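This is what each chain is made of:
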Amino acid sequence: MKGSLSVILFFCVGCVMGAFNKFQFDTHTVSMYILYALMLQVGISIGSNKNLKAIVSHLHPKMLLIPLGTIIGTLLFSALASLLLRQWSVFDCMAVGSGFAYYSLSSIYSTTNQASIGLQLATELGTIALLTNIFREMMALLGTPIIKKYFGKLAPISAAGVNSMDVLLPSISRYSGKEMIPIAILHGILIDISVPVFVSFFCNL
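All values reported here derive from a predicted model rather than from experimental measurement.

This next bit is on helix 4 (residues 65-81). In this model, helix 4 (17 residues) spans 24 Å end to end at C-alpha, consistent with the 24 Å of a helix rising 1.5 Å per residue. Along helix 4, the residues classified as buried are I66, P67, T70, I71, T74, L75 and S78. The arc enclosing the buried residues of helix 4, seen along the axis, measures out at 155°, which places them on a common side. For helix 4, exposure combined with an orientation more than 90 degrees from the buried face picks out L65, I72 and F77.

Right, here's the structure in full:
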């Protein structure tokens, strides 16, 4: 929760700085370097996971159905959202949903990959991606016991998106059971890897 609030705070500070200052450097180039740094961080976090080898060695094909269900369900409802949001195409909505609660990476990808629609619209889409994925994380964090109660012990893992392997892992362990930890970590790793692939794909359609 504190992490999400900090992101919102820095976002607001950035908006104020951008409104009252005319920067001379290319902000698009800066965004790309930040994106590269985030991708490096993703690789380091996955590679340094102490449970990675154990998870891979006990990998069962059925475990892949959970991240697959997360991806299909998220993209389906993101596509349906385009029926209500006339300004944005179905691919724009699916690009936003493809963040899977990874707000920092998805927002930058959405902005840098939408240069063809203009800077203003690209910035708006990046902002929507940022806020949407922050809200997903916060709702999953606060709603874990309710989600588990009404939809089963695997539902909190799916709702958490990429955060099932870190921020939401304690809540998943508490309400869904410690036996769900390996599945949650594997789910988070696979969803984490899929974010840049899906966001970039839908942004370029």
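Further remarks concern the confidence of the model for the protein. Regions with low pLDDT should not have their predicted coordinates read in detail. Averaged over all residues, the pLDDT of the protein is 80; the fraction at 70 or higher stands at 76%. Least confident of the elements in the protein is helix 3 (residues 52-57), whose mean pLDDT is 64; most confident is helix 4, at 95.

Looking now at the nonpolar core. The biggest cluster of nonpolar side chains holds 15 residues, and the ones touching the most others in it are I157, L168, I172, M180, I183, A184 and I185. When contributions to this core are tallied by element, the ones reaching two or more residues are helix 8 (155-160), helix 9 (169-176) and helix 10 (181-203). Per-element tally for this core: the top contributor is helix 10, with 5 residues. The contacts of L168, once residues within four sequence positions are left out, are E137, A140, L141, T144, A160 and N163. Residues I71, L75, F100 and L105 belong to the second largest nonpolar core, which totals 14 residues.

It is at 9 Å that the axes of helix 4 and helix 10 come closest, and there the two elements cross at 40°. By the angle between their axes, helix 4 is oblique relative to helix 10. Remark: the crossing between helix 4 and helix 10 carries right-handed chirality. Of helix 10, the residues touching helix 4 (which contributes I66, P67, T70, I71 and L75) are I183, H187, L190, I191, S194, F198 and F202.

Now for the layout of surface pockets. Of the volumes computed, that of the second largest pocket is approximately 640 Å³. In terms of lining residues, the second largest pocket is bounded by 24 residues, among which T74, F77, S78, T132 and R136 are the most central. At the level of secondary structure, the elements contributing two or more residues to the lining of the second largest pocket comprise helix 4, helix 5 (90-97), helix 7 (119-151) and helix 8. With 9 residues, helix 7 is the largest single contributor of residues to the lining of the second largest pocket. Tallied by class, the residues present in the lining of the second largest pocket amount to 13 nonpolar, 9 polar and 2 charged.

What counts and what doesn't
Residues numbered from 1 in each chain as written. Predicted model: local features only at pLDDT ≥ 70, side-chain atom pairs only at ≥ 80, totals over all residues. Heavy atoms only, no water. Helix = DSSP H or I, 4+ residues; strand = E, 2+ residues; numbered from the N terminus. Expected span 1.5 Å × (residues − 1). Buried < 20%, exposed > 50% of the residue type's maximum accessible area, 1.4 Å probe, protein only. Arc of directions from axis to C-beta. pLDDT = per-residue confidence, 0-100. Core = buried A, V, L, I, M, F, W, Y, C linked by side-chain atoms within 4.5 Å. Contact = heavy atoms within 4.5 Å. Axes fitted to C-alpha atoms, helices over the stretch in contact; angles between N-to-C directions. Parallel < 35°, antiparallel > 145°, perpendicular 65-115°, else oblique. Left-handed = near helix turned anticlockwise from the far one by under 90°. 1 Å grid on protein atoms, 1.4 Å probe; cavity = no way out; pocket = protein on both sides within 12 Å on 5 of 7 lines; lining within 4 Å. Points joined across faces, edges and corners; volume = space filled by probe spheres on them. Nonpolar A, V, L, I, M, F, W, Y, C, P; charged D, E, K, R; others polar.

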